[in-house]
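Overview (structure and organization)
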Amino acid sequence: MPVQLRDYQQRCVDTIIKKARDGIRRQIVVLATGTGKTVIFSHLPTLVRDKGKKTLIIAHREELLDQAKEKLLFVDATLKIAIEQGDRRAKDEFPNNDYDVLIASVQTIGRENSKRIKQFDPNEFGLIVIDECHHSTASTYTNVLRYFDMVKGEVKEKHGRILLGVTATPDRADHIGLDTVFDKMTFTYPLRQAIEDGFLVDIKAHDVKTASDLSGVHTRMGDYVGKELSEALNNPERNRLIVESYNEIAPGSKAICFAVDVEHTKELTRVFNSAGIPAEYIIGDTESEERKETFQRFKDGTTRILVNCAVLTEGYDEPSIETVLMTRPTKSSVLFSQMLGRGTRLHDGKEHLTLIDFVDNAAQAASVYGLFNIPKDIKTGKQGKLLLEFAEKVEKLLEENPGFDVTTITDWSDENIEKVIKEISIFEQAKLPPLVQQHSRYAWEAYMDGYRVNFPHSKDDVDRECVTMVPDMLGLWQVTHTILIPSVPSFQNGFRRWIKHKETDIGTFRDIGNAFQAADNWIADNKSEHSNMLSQNSKWRKDAPSEAQINLMMKFNIPMPPNLTKGQASVLIGKKLNEKRMGRG
């Protein structure tokens, strides 16, 4: 029975075929770890065979070779598959060269002056697939592509071969672009989309702050220097914190732990076991049989923690993993997403993946937030957040309030976010009108359907002065200097109503920019002693609100968020007074 592809997998296969027919011969497709990259490219060799050609699949690790063969046979059991790697030779299994697919180790056929690659006739092959193609800029891959006449810019003849690269991320730590190998990225299916569609589990991210300092750790080839990183991080305090955090956040869960190097791997395993948590490790030197037995104990739950360093980042699929312990910081988004992807696959009873990321001082490391377009300086804290919901919350906040610094928020509860949105709204309302900011150097406030600037005064002054700018019935801007005097009698509570005593016409203008310019010039010429106080940049505007302002804001029921300034309070009070003046509030 044919394997039923998921919708996005079928769309990917269809896109690859269509783009090849359109003449795009070097394609790259990007799909999140756990979404079935191998299943997708496993549907292509049958099509290639039907056209009388073979398929070459290149990978850099033994696990990937065997995984590819398993998936190919799962998709089409009639395929004849040869492996060229180490002691395994295609000609031994298929002396008549009648295989359909060749799965080869890039180290075996791609090393300089390799004789083993010479046995393969490029003209027999119609498709070349590079698994985990973010490695494809390496010289070993270039050697293979050159032999098969597929190096970009060096093709010697028209042969119609297709090069397909598959990866979870096209980024590289050394910033060498994959566009040097491929022509176009033809399909993407990112992590967040896969979670939203229900094909991967959501991620609950926890940030655990450590006391370790990475300021002295150098960078080489785009990532931390391993030896220096180990010296900075492999210490009793941090290792103890890792175990304590696991016990606090995800006790008893099945966890994969990524360590810095072999020594760190072994030490973390020892510390976990000393705490009564069954742990084992896998390193590069772990024998094949021992590795299989360790994997089985981890799979059946006998082992709760599986520690490794740079071994299980690719080609290891264990859907029952519930927790990822990111104890090895990296600047590589590729490596980070690979480590994270070990735990995002669906599994019965698994509601989400728990990610515990250990954050060190002065670290400039990749994080999960970038995969969700969440600003990198935001941290979920030790309590953790489900990232899909968290990302939507951040996006909504930024959509409604562009430019707001979301990194200032420490409490992301619904109640606090609602409060923050209200405060942001208040701060937006507390800004001077846009036309004032654009055309004037003074802090005009809203007045009627126009603007007004009030001159400073003392309690003993018997009059008040202001300049107003309001539109007349024809839409022309009338600029006027007005002197106000108190009406008689005053109210018993001491409140006085001010009435116009004298008006001076400054001018009438069709353009508001010209009106502001004329008003500003009049103030500078006639009231220069007040220019600094009236300026939008006056120092007093940055002070805390006065007692009188606070009382007025309370009276008018104007929200007063922390860090509100005297200038902002002045704008808010002015707007409220103008609403009342115009019968709107």
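Residues numbered from 1 in each chain as written. Predicted model: local features only at pLDDT ≥ 70, side-chain atom pairs only at ≥ 80, totals over all residues. Heavy atoms only, no water.

1. Considerations on the overall build of the chain
Counted only if it meets this: By the criteria applied, helices consist of DSSP H or I runs no shorter than four residues and strands consist of E runs no shorter than two, each listed in order from the N terminus. Put simply, the radius of gyration uses C-alpha atoms, and a globule should come to 2.2 Å times the residue count raised to 0.38. Three exposure classes are used, based on accessible area relative to the maximum for each residue type with a 1.4 Å probe and protein chains only: buried under 20%, partly exposed in between, and exposed over 50%. What makes two residues a contact is simply this: any of their non-hydrogen atoms within 4.5 Å. Note on areas: Shrake-Rupley with a 1.4 Å probe; residue coverage comes only from the protein chains shown. Residues counted as positive are Lys and Arg, residues counted as negative are Asp and Glu, and His and the chain ends are not counted. Where a charge lies is defined by one atom per residue type, namely NZ (Lys), CZ (Arg), CG (Asp) and CD (Glu).
Assigned secondary structure in the chain consists of 20 helices and 21 strands. Computed over the C-alpha atoms, the radius of gyration of the chain is 34 Å, more than 25% above the 25 Å expected from 2.2 N^0.38 for a compact globule of 585 residues. For the chain, the spread of C-alpha atoms along the principal axes amounts to about 115 × 60 × 45 Å. Counting only residues that meet the buried cut, the chain has 51% of its 585 residues in that class. In the chain, 67% of the contacts between residues at least 6 apart in sequence involve partners at least 24 apart. Element-wise, carbon and sulfur atoms account for 49% of the exposed surface of the chain, whose accessible area totals about 29000 Å². Each charge class in the chain was averaged separately, 79 positive and 85 negative side chains, and the resulting centres sit 3 Å apart.

2. Details of the sheet that holds strand β7 (residues 184-189)
This is how the line gets drawn: When DSSP locates at least two bridges between a pair of strands, those strands are taken to pair. Helix axes are fitted to C-alpha atoms over the stretch in contact, other axes to C-alpha atoms as well, and angles between N-to-C directions run from 0 to 180 degrees.
Overall, parallel pairing links the 7 strands, which are arranged β3-β4-β2-β5-β6-β1-β7 in an open sheet. The open sheet terminates on both sides in strands that have one partner only, identified here as β3 (81-84) and β7. Sheet twist, expressed as the average angle between the axes of neighbouring strands with direction ignored, equals 20 degrees. Where helix α4 (residues 62-75) meets the sheet, its contacts fall on β2 (54-59), β3, β4 (101-105) and β5 (125-131), and the angle it forms with β4 comes to roughly 165 degrees.

3. Quick look at the layout of surface pockets
Our working definition: The distinction between a cavity and a pocket rests on a 1 Å grid over the protein atoms alone: a 1.4 Å probe fits inside a cavity but cannot get out, while a pocket stays open yet meets protein on both sides within 12 Å along at least five of seven lines, and a residue with an atom within 4 Å of a point counts as lining. Grid points are joined across faces, edges and corners, and a volume is the space filled by probe spheres set on the points. All amino acids are sorted into three groups, where Ala, Val, Leu, Ile, Met, Phe, Trp, Tyr, Cys and Pro are nonpolar, Asp, Glu, Lys and Arg are charged, and the leftover types, Gly among them, are polar.
One number sums up the size of the largest pocket: a volume of about 2100 Å³. If you go around the largest pocket, you meet 48 residues; those closest to its centre are E445, R452, N454, H457 and L577. Elements represented by at least two residues in the lining of the largest pocket include exactly β17 (445-447), β18 (450-454), β19 (464-471), β20 (477-486), β21 (498-509), α18 (531-534), α19 (547-555) and α20 (566-581). Per-element accounting of the lining of the largest pocket gives the leading share, 8 residues, to α20. Here the residues of the lining of the largest pocket sort into 22 nonpolar, 12 polar and 14 charged. What the second largest pocket holds in volume is close to 740 Å³. Of all the secondary structure elements, the ones that give two or more residues to the lining of the second largest pocket are α4 and α12 (288-300). Grouping the amino acids of the lining of the second largest pocket by side-chain chemistry returns 4 nonpolar, 5 polar and 12 charged.

4. A closer look at the sheet that holds β21
On the basis of which strands lie adjacent, the open sheet formed by 5 strands has the order β17-β18-β19-β20-β21 and antiparallel pairing. Taken across any chain shown, the strands that pair with only one partner, and hence form the sheet edges, are β17 and β21. Each adjacent strand pair in this sheet contributes to an overall mean axis angle of 30 degrees, direction not counted. Here β18 runs beside β19; their pairing, made up of 4 bridges, is antiparallel. Of the residues in β19, the one forming a bridge with R452 is T468. Helix α17 (residues 512-526) contacts β18, β19, β20 and β21 of the sheet and is inclined by roughly 165 degrees relative to β19. Each of β17 and β18 touches α20; the most contacted strand, β17, lies at about 0 degrees to it.

5. Observations regarding empty space enclosed by the protein
Inspection of every chain in the model, using the stated rule, returns 1 cavity of 30 Å³ or more. Volume-wise, the largest cavity comes out at about 30 Å³. What lines the largest cavity is P433, W444, E445, A446, V571 and K575. Mapped onto the lining of the largest cavity, the elements with two or more residues apiece are β17 and α20. Across the lining of the largest cavity, the residue classes break down as 4 nonpolar, no polar and 2 charged.

6. Here we look at unusual backbone geometry
Leaving glycine aside, a negative phi is the common case for residues, and trans is the common case for peptide bonds. Even without being a glycine, M221 presents a positive backbone phi close to 55 degrees. Looking at where M221 falls in the secondary structure, it is placed in the loop between β9 (219-220) and β10 (223-224). Given a relative accessible area of 62%, M221 falls into the exposed group. Here the phi dihedral of A310 falls at roughly 60 degrees; this positive angle occurs in a residue that is not glycine.

7. Considerations on the pairing of strand β12 (residues 279-282)
What counts is decided by this rule: Clockwise travel from the first strand over the helix to the second, with the strands pointing away from the viewer, marks a crossover as right-handed.
Pairing geometry for β12 and strand β13 (residues 305-308), over 4 bridges, is parallel. Its bridge partner being in β13, Y281 is matched across the sheet by V307. Note on the crossover from β12 through α12 to β13: the handedness is right-handed.

8. Details of the side chain of T313
Counting through the fold element by element, T313 comes out in the loop between β13 and β14 (323-326). Those residues in contact with T313 that sit more than four places away from it in its chain are R61, F258, L335, Q338, M339 and R342.

9. Quick notes on the nonpolar core
The criterion, for reference: What we call a nonpolar core is a set of buried Ala, Val, Leu, Ile, Met, Phe, Trp, Tyr and Cys residues that are connected through their side-chain atoms within 4.5 Å.
Among the nonpolar cores identified, the biggest contains 75 residues, and I203 and V368 are the most heavily contacted of them. Broken down by element, this core gets its largest block of residues, 6 residues, from helix α14 (residues 387-400). Excluding its chain neighbours within four sequence positions, the residues that come into contact with I203 are L191, I195, L340, T344, L353, L355, V368, F372, K385, L386 and L387.

10. Structural notes on the pairing of β2
In terms of residue burial, β2 counts as a mostly covered element, since 6 of its 6 residues are buried. The two faces of β2 match: K54, L56 and I58 on one face and T55, I57 and A59 on the other face are all buried. Taken together, the 5 bridges between β2 and β5 define a ladder with parallel strand orientation. Pairing of L56 across the sheet is with I128, part of β5. Relative to β4, β2 runs parallel, the two sharing 5 bridges. Considered in β4, the bridge of L56 is made with L102.

11. Concerning the packing of aromatic side chains
Spelled out, the test is: Any Phe, Tyr or Trp ring, taking Trp's six-membered ring, that has another such ring centre within 6.5 Å forms a pair; planes under 30 degrees apart are called stacked, those over 60 apart edge-to-face, and the others tilted.
Inspection of every chain in the model, using the stated rule, returns 10 aromatic pairs. A ring pair is formed by F94 and Y99, whose centres lie 5.9 Å apart and whose planes are at 70 degrees; its orientation type is edge-to-face. Residue F94 shares its accessibility class with Y99, and that shared class is buried. Between W444 and F516, the aromatic rings sit 5.6 Å apart at their centres with planes inclined by 80 degrees, giving edge-to-face as the arrangement.

12. A word on the environment of V571
Along the chain, the position of V571 falls in helix α20. A relative accessible area of 9% means that V571 is categorised as buried. With 142 residues separating them along the chain, V571 and Q429 place their C-alpha atoms 8.0 Å apart. Other than its neighbours up to four places away in sequence, V571 contacts Q429, A430, K431, L432 and R541.

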